[in-house]
Amino acid sequence: MTRIFAVGASVLAMTFASVTAAETWTLDGDASRIAYGSIKKDKVGEVNSFSGLSGTVDATGAANITIDLATLETNIDIRNERMLEHVFRGAGEAQLAAQLDMDDVKGLGVGEMAVVDVEGALSLLGVSTELDLEMLVVRLAEDRVMAVSNDMVFVGTEELGVDAGIDKLMEIAKLPGITRTAPVTLRLVFTTDGQAAAAPAAAAAVQTAAVTGDVKAGKKVFRKCKACHKLEEGKNGAGPHLAGVIGRTAGAVDGFKYSKAMSGSGIVWDTETLTAFLTKPKKYLKGTKMAFGGLKKPEDIENVLAYIASEQ
Ligand code: HEC
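Below you will find a few notes about this structure.

What counts, and where the lines are drawn
- Starting from 1, residues in each chain are numbered consecutively following that chain's sequence as written.
- Confidence filtering applies because this is a predicted model: local features only for residues at pLDDT of at least 70, side-chain atom pairs given and counted only at 80 or more, and all residues used for totals across whole chains, interfaces and linings.
- Hydrogens and water molecules were not included; the side-chain quantities draw on all heavy atoms of the structure.
- Patch membership requires more than 30% relative accessible area and the absence of a salt bridge. Residues of like charge join within 9 Å; the nonpolar side chains Val, Leu, Ile, Met, Phe, Trp and Tyr join within 5 Å.
- Each accessible area is a Shrake-Rupley estimate made with a 1.4 Å probe; only the visible protein chains count as cover when residues are assessed.
- Salt bridges are defined by distance alone: a side-chain nitrogen of Lys or Arg within 4 Å of a carboxyl oxygen of Asp or Glu.
- Counting rule for charge: Lys and Arg are taken as positive, Asp and Glu as negative, and neither His nor the chain ends is counted.
- By convention, the point assigned to a charge is CZ for Arg, NZ for Lys, CD for Glu and CG for Asp.
- Secondary structure follows DSSP: runs of H or I at least 4 residues long count as helices, runs of E at least 2 residues long count as strands, and numbering of each begins at the N terminus.
- Relative accessibility under 20% of the residue-type maximum defines a buried residue, over 50% an exposed one, and the middle range a partly exposed one, all with a 1.4 Å probe and only protein chains included.
- Working definition: rings of Phe, Tyr and Trp (its six-membered ring) pair if their centres are within 6.5 Å, and the pair is stacked with planes under 30 degrees apart, edge-to-face with planes over 60 apart, and tilted otherwise.
- A cavity here means a set of points on a 1 Å grid, drawn over the protein atoms and nothing else, where a 1.4 Å probe fits but cannot get out; a pocket is an open set with protein on both sides within 12 Å along at least five of seven lines, and a residue lines either one if it has an atom within 4 Å of a point.
- Grid points are joined across faces, edges and corners, and a volume is the space filled by probe spheres set on the points.
- Ten residue types, Ala, Val, Leu, Ile, Met, Phe, Trp, Tyr, Cys and Pro, are classed as nonpolar, four, Asp, Glu, Lys and Arg, as charged, and the remainder, Gly among them, as polar.
- Note that domain bounds follow an automatic or database assignment of domains.
- Think of a polar contact as two N or O atoms within 3.5 Å of one another; within protein, one of them needs to be a possible hydrogen donor and the other a possible acceptor, and neighboring residues in sequence only count if both atoms come from side chains.
- Working definition: residue near molecule or strand if any one of its non-hydrogen atoms lies within 4 Å of it.
- A molecule is said to be in a cavity or pocket once over half of its atoms fall within 2 Å of that pocket's grid points.

A word on a positive patch on the surface
A contiguous patch of positive charge on the surface is contributed by Lys216, Lys219, Lys220, Arg223, Lys226, Lys230 and Lys235. Here Lys230 is to be found in the loop between helix H6 (223–226) and helix H7 (260–263). The partly exposed category is assigned to Lys230, whose relative accessible area is 39%.

Some remarks on the packing of aromatic side chains
With the rule as written, the count across this model stands at 6 aromatic pairs. Measuring from ring centre to ring centre gives 5.0 Å for Phe256 and Tyr258, while their planes differ by 75°; the resulting arrangement is edge-to-face. Both residues of the pair, Phe256 and Tyr258, count as buried. Cluster of aromatic residues (ring-pair linked, three or more members): Tyr36, Phe50 and Phe88.

Thoughts on the layout of surface pockets
Estimates place the volume of the largest pocket at around 610 Å³. Lining the largest pocket are 20 residues, and of these Arg89, Leu125, Thr279, Lys280 and Lys283 sit closest to its centre. A per-element tally of the lining of the largest pocket places helix H8 (residues 271–279) first, with 3 residues. The residue inventory of the lining of the largest pocket, partitioned by class, reads 7 nonpolar, 6 polar and 7 charged. For the lining of the largest pocket, the two domains that each supply at least three residues are domain 1 (2–205) and domain 2 (215–310).

Things to note about the side chain of Thr66
Residue placement: Thr66 occurs in strand E5 (residues 62–68). Of the polar contacts made by the side chain of Thr66, one reaches the side chain of Gln95; its length is 3.0 Å.

Description of the site of the ligand
Around the ligand, the structure places 26 residues, and the nearest of them are Cys225, Cys228, His229, Ser259 and Met290. In the model, an oxygen atom of the ligand is placed 2.7 Å from a nitrogen or oxygen of the Thr288 side chain. Among the detected pockets, the ligand sits in the second largest pocket. At the level of secondary structure, the elements contributing two or more residues to the shell around the ligand comprise H6 and H8.

Okay, structure coming up:
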């Protein structure tokens, strides 16, 4: 479900970009929200929402939004935990990416609105889902734009790859049924300072900010990696050094002999790709020569990433 939301956010971001093509827009996290509905036992409807949204739309209309999954609010603590563990599987965050069509909203004056179709891709744990959204875009001020979902967007849990997690929730909560499609609504507010900022810098900031987890616990987990990896620049062992690995392109350490699978993968290591890789290295990247079975517990991955990030 999180993935669903994330996609919606991307779409909105795109829309904003279209408003003023030459500017960079930043998501106002406090003013934005993504929610979805869940229906159990055929008749009990509930609203879940995410408040931790961040992201930008760059001058070319490329939108990237990060949804901090830990900000999920289902109004019941234990349910929040179960969703994060079983449905989002410790992913930490979901990413929305979209490319805006600038022509749709160009020239929208303050107080004017337009309905815009946007296509986005939501990715969670290495699975990407496409979403078609119809957004109502309103220009609130010269430097402020709001996009809200014009209709509900329905997202299927199967295509999001979260069906097994929902099965697990039903089993734990002894529920006869939870619907496998969720209506999603979005409210995204973007602001601009009129500058065309450097997109890569903005993306890097998002990636770094997204790392959550317990550094101390992560240091212990890192013992499993130590035999092959050092965190100091230039110190390669059986594996490449991991200094600065978050935000780095896979296979980029000079002088380390990577597998073809790794050096040709084009993967950029962020919380999401690292989580997917470390869960099952050989499944995520067929042909990798990292001889490591993977970390089963999502919290181990979250923590080890926090540790790696703290050492960079
Ligand atoms: C038995 C040795 C071994 C262990 C244990 C191991 N790795 Fe690796 N790791 C490697 C090798 C070898 C590669 C290069 C893989 C390739 O080229 O396909 C690699 C690659 C990586 C990469 C990609 C680096 C880059 O520059 O692209 C990351 C990230 C990584 N490992 C993280 C970890 C973490 C975190 C752990 C512990 C949880 C771990 N590894 C455990 C051997 C190991």
